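# Report on the structure
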Amino acid sequence: MNTLTSRSGRALAAWTLLGLAAYALLPWYFLQQQSLWAALPGVWGGDATASGVVQAALHGRPWLWTGVAGLLIAGAGLLLPVGRAQGGVLVAGALLGLAGLLASGFAIGAPGWSFQTLEAWFGPLEHGQFGMGWGGFVAIACLVMLLGAGIARLGFFRGDVFVAGSVVGCASLLALFVVYPVLRSLASGLYDDMGLWAPGALVDRLATERIWGLGCVSGGTRCGVAWNTLFLALLTAAGTTVMGTLMALWAERGGTRLQKPLNVLAMLPIITPPFVVGLGLILLFGRAGLYNQFMEWAFGVPPSRWFYGVFGVWLAQMFAFTPIAFMIMRGVVQGVSPSLEEAAQTLRADRLRTFVTVTLPLLKPGLANAFLVGFIESMADFGNPIILGGSYAVLSTEIFFAIVGASLDPGMAAALALVLTLFALVVFFVQRGLLGRTSFTTVTGKGDAGLPMPLPDAVRRLCFGVAGPWLLFTVVVYLFAFAGGFVKTWGRDYTLTLDHFRGAFDLQWGEHGLVWAGTAWNSLFTTASLAAMAAPVCAFLGLLIAWLLARTEFRGKSAFEFAALLTFAIPGTVLGVSYILAFNVPPVELTGTGLIIVLCYVFRNLPVGVRAGTAAFKQLDRSLDEASFMLRAGTLTTLRRVVLPLLKPALTAALIYSFVRSMTTVSAVIFLVSAKYELSTTYIIGRVGNGEYGLALAYCTVLIVFMSVITALVQRLVGERQLGRRAGGH
């Protein structure tokens, strides 16, 4: 069969032509001070703005011809009949182009050779090169797609070009923006303080009492930070999973009119800057908090710092991470088939027995995913331990002080980050072992018009008795936290005022029209635009990876999945530093741009989309996909018309979580911001540093209102999953 007459053949020809066009018509190198549109007129001219073809032919960079050669070889392969011979030519061409461009990219920097050994072998270069730009990115992306197609033509991935291209493309993105920067950062642990290669330095840094001490077990008062982190993570993961499940059951099966208010209250902590919860808890339970003042007034108990430590950090993390578990579990509860519960009741099982033997086991994928996300989030959390930890040290705070403290020891930070990664790896494989290959399918191609079973009375009372007070406590904490934005000076002058809001978000009408006079507008617009760019990319990529993990089998699948979760195991401060180390020099030079912040947002928040999608896919029967294929629909059509409409809860969770976390994140981007790209959280931190707490809390209030509106819009636009079930009372 002639390749070019098939749909996949035409798509591959388009990728080839796009790669060649990028070589000829786009600037090859990245220009931080000049936009793409401003650089386009110079693609045939100057050294800075020239395209890849011009760079290779006229500006002394012949190594760029390898990419052109690879594209031409792959294009010639498309003239062959579909089969293994064509696949071999596609793979050979793509590998030639990728190997040449990547090898030269890492080996040649702006001043010339990046390694002295290469300079000694080949002599100095007349011309160096800068970071890869739009031309280089598009050309490499085309070569990656052609590589995936060649692998499919060789018989892998059942010959499905779309699946093979998706796996190779996603793996390439994870390798470049997750694995490479993390390894670049962790590798610094293998160098001594003088910057010399010394693998034994890693052992010396890790084998310390500070990290692995067992003083609390042997009768002492302090454990090592590794054990502190592990204990806190297990405690938080268990608590958030239980609380999130109870809230999801109450919201979806509780038969209460409070479903929408429950959803709003449950989502409140996730749309809040991370330090607001800590501030609210300090106002309540700190040494000068209302609780200690009341205990002193009523019972004569002197104020103390009892709240600072493991209990305070655990409580704050419960507030912060329970909404993630709730979002994951809500989608899983919605997917439980009522027909299975009705079948159990038909066999004379009461509601409690049906819940224990049918409903609860079907929630296992969601429970496991919620526990894993809670565990990794707790380990990577920095804001709550630094505010409330007191003498209770954890790995994330130790890493922070190793990076920015007086000791300035990036090697120790890398060693501690390695411990966090190993903990996450262990929990990841334990989770996989517990779930195994058990089937949890509840949504099939058969009609299911069943009515979801109401919660048994005992379970409903448990949800009401546990989740109800927790949600009420949430309201109290936030009322106290944000009251500071409406008073002149908390603790001294409680006169109500809107001066803080005027200072941050003042609007005036000048001679040229509306003037955004408030000092916070610029940071709000910048943060919202960057988060809006990152959210859909993060959601799409997360669900695509989840689909690949759920519906395909390939070698290296476990490593692929763990790479998608790796950014949750790494503290945000380490991820930010990793991006600086990796992307401050060629071949990818992005430091100081908005793009590096967007990429950090995308890959920092990617695991939630992956886990939510994975839990949802475990409930969708493969027969839905197979029925679509039998009707001669392609893989892409099946995804768009059949699978995606059934993933609306997971899509909503990924979109909302990515956007709001991008708006409120601190640690991951604190080292990436620049004067041009001031973010909301850095603005707030600056106000807190200046003692302007009222202004900071006023900004937090505006952020919550803004993100609440965005959350409601996303839920309305995406909609709910329709499974054809009866409504109550029908």
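Definitions and limits used
Residues numbered from 1 in each chain as written. Predicted model: local features only at pLDDT ≥ 70, side-chain atom pairs only at ≥ 80, totals over all residues. Heavy atoms only, no water. Helix = DSSP H or I, 4+ residues; strand = E, 2+ residues; numbered from the N terminus. Rg over C-alpha atoms; globule rule 2.2 N^0.38 Å. Buried < 20%, exposed > 50% of the residue type's maximum accessible area, 1.4 Å probe, protein only. Contact = heavy atoms within 4.5 Å. Areas by Shrake-Rupley, 256 points an atom, 1.4 Å probe, with all protein chains shown as cover. Lys, Arg positive; Asp, Glu negative; His and termini not counted. Charge placed at Lys NZ, Arg CZ, Asp CG, Glu CD. Patch = residues over 30% accessible without salt bridge, like charges linked within 9 Å, V, L, I, M, F, W, Y side chains within 5 Å. Salt bridge = Lys/Arg side-chain N within 4 Å of Asp/Glu carboxyl O. Phe/Tyr/Trp six-rings, centres within 6.5 Å; stacked < 30°, edge-to-face > 60°. Axes fitted to C-alpha atoms, helices over the stretch in contact; angles between N-to-C directions. Parallel < 35°, antiparallel > 145°, perpendicular 65-115°, else oblique. Nonpolar A, V, L, I, M, F, W, Y, C, P; charged D, E, K, R; others polar. Left-handed = near helix turned anticlockwise from the far one by under 90°. Pairing = 2+ DSSP bridges. Core = buried A, V, L, I, M, F, W, Y, C linked by side-chain atoms within 4.5 Å. Polar contact = N/O pair within 3.5 Å; in protein donor to acceptor, adjacent residues only side chain to side chain. pLDDT = per-residue confidence, 0-100.

## Description of the overall build of the protein chain
Check the secondary structure of the protein chain and you find 32 helices and six strands. A compact globule built from 730 residues should have a C-alpha radius of gyration of about 27 Å, and the protein chain, at 28 Å, falls within 12% of that. Expressed along its principal axes, the backbone C-alpha trace of the protein chain runs to roughly 85 × 70 × 65 Å. Out of the 730 residues in the protein chain, the part that is buried amounts to 54%. Long-range contacts, defined here as pairs at least 24 residues apart, represent 73% of the contacts in the protein chain between residues at least 6 apart. When the accessible surface of the protein chain is split by element, carbon and sulfur atoms take 67% of a total near 32400 Å². Across the protein chain, the mean location of the 46 positive side-chain charges is 12 Å away from that of the 32 negative side-chain charges.

## Looking at a nonpolar patch on the surface
Together, Leu507, Trp509, Leu514, Trp516 and Phe525 give the surface a local cluster of nonpolar side chains, amounting to about 590 Å² of exposed area. Sorting the residues of the nonpolar patch by element identifies strand S5 (507-510) and strand S6 (513-516) as the ones contributing at least two each. Along the chain, leucine 507 turns up in strand S5. Using a relative accessible area of 42% as the deciding quantity, one classes leucine 507 as partly exposed.

## Section: the packing of aromatic side chains
Tallied over the full model, the rule gives 38 aromatic pairs. Judged by centre distance (5.6 Å) and plane angle (80°), the ring pair of phenylalanine 106 and tyrosine 180 falls under edge-to-face. Of this pair, phenylalanine 106 sits in helix H5 (residues 84-107) while tyrosine 180 sits in helix H8 (residues 161-186), and the two are 74 residues apart along the sequence. Residue classification places phenylalanine 106 among the partly exposed positions, given a relative accessible area of 35%.

## Examining the packing of helix H20 (residues 395-404) against helix H26 (residues 572-583)
Between H20 and H26, whose axes approach to 9 Å, the crossing angle comes to 40°. In terms of orientation, H20 lies oblique with respect to H26. Along its contact with H20, which presents Ile399, Phe400 and Ile403, the element H26 presents Thr573, Val574 and Val577. Here the residues of the contact of H20 with H26 sort into five nonpolar, one polar and no charged.

## Quick look at the packing of helix H16 (residues 338-346) against helix H17 (residues 351-362)
Relative to each other, H16 and H17 sit at 145°, their axes nearing to 10 Å. The two elements H16 and H17 meet at a crossing, and its hand is right-handed. Between H16, through Leu340, Glu341, Ala344 and Gln345, and H17, the contact on the second element is made entirely by Arg351, Thr354, Val358, Thr359 and Leu362. Considering only residue class, the contact of H16 with H17 consists of four nonpolar, three polar and two charged.

## Let's talk about the pairing of S5
Of the pairings in the sheet, the one linking S5 to S6 comprises four bridges and is antiparallel in character. Note on S6: the bridge partner recorded for glutamine 508 is valine 515. Where S5 folds back onto S6 in an antiparallel hairpin, the turn is made up of two residues.

## Let's talk about the environment of valine 358
Looking at where valine 358 falls in the secondary structure, it is placed in helix H17. Through-space distance from the C-alpha of valine 358 to that of valine 477 is 37 Å; in sequence the pair is 119 residues apart. Sequence-distant contacts of valine 358, defined by excluding residues within four places in its chain, comprise Leu340, Glu341, Ala344 and Arg353.

## A short note on the nonpolar core
Counting residues in hydrophobic clusters, the biggest one holds 208 residues, and the most contacted among them are Leu174, Leu281, Ile545, Tyr579, Phe583, Ile597 and Phe603. Beyond its immediate chain neighbours, meaning those up to four positions away, phenylalanine 583 contacts Leu176, Phe177, Tyr180, Pro181, Val588, Glu589, Leu590, Thr591 and Ile596.

## Comments concerning the side chain of aspartate 381
Inspection of the secondary structure puts aspartate 381 in the loop between helix H18 (364-380) and helix H19 (383-388). Among buried Asp, Glu, Lys and Arg side chains, aspartate 381 stands out as unpaired, with arginine 661 the closest opposite charge at 6.9 Å. There is a polar contact of 3.1 Å between the side chain of aspartate 381 and the side chain of glutamine 317.

## A closer look at the pattern of salt bridges
For the structure shown, the criterion picks out nine salt bridges. Residue arginine 460 pairs with aspartate 457 through a salt bridge whose shortest N-O separation is 3.0 Å. With arginine 460 and aspartate 457 both in helix H22 (residues 457-483) and three residues apart, this pair spans about one turn of that helix. Its relative accessible area of 31% is what places arginine 460 among the partly exposed residues. By relative accessible area, aspartate 457 is classed as partly exposed at 35%. By sharing partners, the salt bridges in this structure join Arg351, Asp457 and Arg460 into a single network.

## Focus: the environment of glutamate 342
Among the secondary structure elements, glutamate 342 is positioned in helix H16. Sequence separation between glutamate 342 and alanine 38 is 304 residues; the distance between their C-alpha atoms is 65 Å.

## Looking at the confidence of the model for the protein chain
Predicted coordinates in regions of low pLDDT should not be interpreted in detail. Here the protein chain shows a mean pLDDT of 83. Residues at 70 or above account for 90%. Confidence drops under a pLDDT of 50 for residues 723-730, and excluding neighbours within four residues, the segment shows 21 contacts in the predicted structure.

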